[in-house]
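# Working through the structure, step by step
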Amino acid sequence: MPTERRGARDVTQFRLAPEVCKAGPFKGYARLDWIHSAARKRPAEKVHALMHHFTVDNLRRAFQELDGSRAPGIDRVTKQEYKKQLQSNLEILQERIRKGGWRPRPSREVLIPKPQGGTRPLAIGCLEDKIVQLLTARILEALYEPQFHRHSFGFRRGRSAHQAIARLYEVIEARSANAVVVEIDIEKFFNSIEHDRLLEILGERIADPSFLRHIRRLLRCSVLHTDGKLAQTQTGTPQGSPVSPVLANICLNAILDRWFQQEYAGKGELVRYADDAIFVFTDRDAARRYISDLEARMNLSGLKLNRDKCKVVAFSSRKPEGTFSFLGFSFYWGKNRSKRKVLKAKTNPKRLHQCMMAFEHWIKAWRHRKKLATLWEMAAAKLTGHYQYFGVAFNQAKLNHFYWNATQALFKWLNRRSQKRSFTWERFMRRLQYEPLPKPPVAAELVDITRNHGSVWNRKPKSRMRENRKSGSERSANLGLVFT
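Quick summary incoming for the structure in this document.

## Points about the packing of helix H8 (residues 195–203) against helix H10 (residues 244–264)
Packing of H8 against H10 brings their axes to within 10 Å, and their N-to-C directions diverge by 80°. Between H8 and H10, the crossing angle belongs to the class labelled roughly perpendicular. On H10, the residues touching Arg197, Leu198, Ile201 and Leu202 of H8 are Leu247, Ile250, Cys251, Ala254 and Ile255. Taken together, the residues that form the contact of H8 with H10 break down as 8 nonpolar, no polar and 1 charged.

## Digging into the sheet that holds strand S9 (residues 276–281)
Two pairing modes exist for strands in a sheet, parallel and antiparallel, and in both the strands are linked by backbone hydrogen bonds. Taken in spatial order, the 4 strands of this open sheet run S8-S9-S5-S10, and their pairing is antiparallel. The outermost strands of the open sheet, each flanked by one partner alone, are strand S8 (268–273) and strand S10 (311–314). Across the sheet, the mean angle separating the axes of adjacent strands is 20° when strand polarity is ignored. As paired elements, S8 and S9 share 6 bridges and run antiparallel to each other. Directly across from Leu270, in S9, lies its bridge partner Phe279. In the packing of helix H6 (residues 161–174) onto the sheet, the strands contacted are strand S5 (180–183), S8 and S9, and the crossing angle to S8 comes to about 165°. In the packing of H10 onto the sheet, contacts are made with S8 and S9, and the angle to S8 comes to roughly 170°.

## Things to note about the nonpolar core
Ile131, Leu140, Ile184, Leu202, Phe279, Phe281 and Tyr290 are the most contacted members of the largest nonpolar core, which has 73 residues in total. Tallying contributions element by element places H10 first for this core, with 12 residues. Leave out the neighbours within four places in its chain, and Ile131 touches Leu59, Ala62, Phe63, Leu66, Tyr82, Leu90 and Leu93. Among the nonpolar cores identified, the runner-up in size contains 55 residues, and Phe326, Ile363, Trp376 and Leu399 belong to it.

## Remarks on a nonpolar patch on the surface
A cluster of nonpolar side chains, namely Trp404, Trp425 and Met429, defines an oily patch on the protein surface of about 290 Å² accessible area. As for its position among the elements, Trp425 is in helix H15 (residues 425–434). Exposure remark for Trp425: the relative accessible area of 37% places this residue in the partly exposed category.

## Describing the environment of Tyr389
Looking at the secondary structure, you find Tyr389 in helix H13 (residues 372–390). Between the C-alpha atom of Tyr389 and that of Ala161, which follows or precedes it by 228 residues, the distance is 8.4 Å. Residue contacts for Tyr389: discarding those within four places in its chain leaves Ala161, His162, Leu327 and Phe329.

## Considering unusual backbone geometry
Phi at Arg76 takes a positive value of approximately 60°, unusual for a residue other than glycine. Here Phe394, not a glycine, exhibits a phi torsion of approximately 75°, which is positive. The class of Phe394 is partly exposed, set by a relative accessible area of 33%.

Definitions and limits used
- Residues numbered from 1 in each chain as written.
- Predicted model: local features only at pLDDT ≥ 70, side-chain atom pairs only at ≥ 80, totals over all residues.
- Heavy atoms only, no water.
- Axes fitted to C-alpha atoms, helices over the stretch in contact; angles between N-to-C directions.
- Helix = DSSP H or I, 4+ residues; strand = E, 2+ residues; numbered from the N terminus.
- Parallel < 35°, antiparallel > 145°, perpendicular 65-115°, else oblique.
- Contact = heavy atoms within 4.5 Å.
- Nonpolar A, V, L, I, M, F, W, Y, C, P; charged D, E, K, R; others polar.
- Pairing = 2+ DSSP bridges.
- Core = buried A, V, L, I, M, F, W, Y, C linked by side-chain atoms within 4.5 Å.
- Buried < 20%, exposed > 50% of the residue type's maximum accessible area, 1.4 Å probe, protein only.
- Patch = residues over 30% accessible without salt bridge, like charges linked within 9 Å, V, L, I, M, F, W, Y side chains within 5 Å.
- Areas by Shrake-Rupley, 256 points an atom, 1.4 Å probe, with all protein chains shown as cover.
- Salt bridge = Lys/Arg side-chain N within 4 Å of Asp/Glu carboxyl O.

This is the structure we're talking about:
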């Protein structure tokens, strides 16, 4: 077995090869689980070397994680084309990164409509840049995940929007007698992060100058706008980049989460999903004071609160003074069948209207482009996606509302595919009978946000008669052990 001399001892060369993680969130990557473990055990120490993790094996694993159906960048290279000479491409890429010669190519800007109105600019990078960005995101995730706030749910493995809603439900229920809710909105957060401030935050944990220069290159990537102009990014993280969500969480963890824990830990609770955050207090004066302190802290960090969307709501179960929204849901106090007050959540009315309009605009635009069978399948997929997100407890009525509005939009626009009418209402209902669209989930299938951090209700509760199903000898033996 070949060995190598290291100081006063011999080391087997096979052990020098980095070990690949075989399970967990960093499965397939070499040594990233070691970073994660060390970051948890020694949170105060700085990391001095990270660039050596940009190996061919780690780059290959990042390439495998990329979604091949996503839009290509300005070079129009797809995942299938890059895969034809994958080994040589990755070896060249690793060498460029090792020598410090790698630079991201300009990203292509795409404007995506926002649910609240307006558009959100997304930067579509080239495939090779996405590989490097994704591996950078995994390294940062391994290093910073142990430091993130336990009630931060956005863009983190094993966490979801349903868990954030369930946690908020739990926090308000615990303070139902005198809850005061603070709803905030950070104006254009992803586009307003100052690069120097973000690198200063990263420098508190990372002492590798090469890795910090690498992050600065990612942040200052040029963007080819829709009007054909090429501009360099001066502020913000490029939305659409795999590394952008991790950098946003690192920034908000330092500016918002840790500060809240230090100053207001005993006065309120925090629930955050990316840049959407809700704070629950028991004192209205403390809530108002927190808004003022937070605005001052945001200004020092180069960010700005949108005061028109920030509000303080007295939300006690006895006398609520309004409602509030979080992640597309409106929270309110209603009554159950026994006329007892209970906290409920439903689809926000504005968000429901936007979802219905989006479905109608889709069928209007695509009714001539696809065959009827394909349109039917696409409509079923859109309904299923809506149910998977908004299918939570207490929201049955809004799900039904969306379903019937979608079927009416289908009937309306499928009849306008030509001058001749395609369907009567009877024929349309007959098609729904034989090829049914997905109907809203029933109560037992809804996500239970009242317990277990947003889990699905168990349809078959445990029976208390299980002990009685045991054989007589085993049951008698157990009874003898209990009473002797």
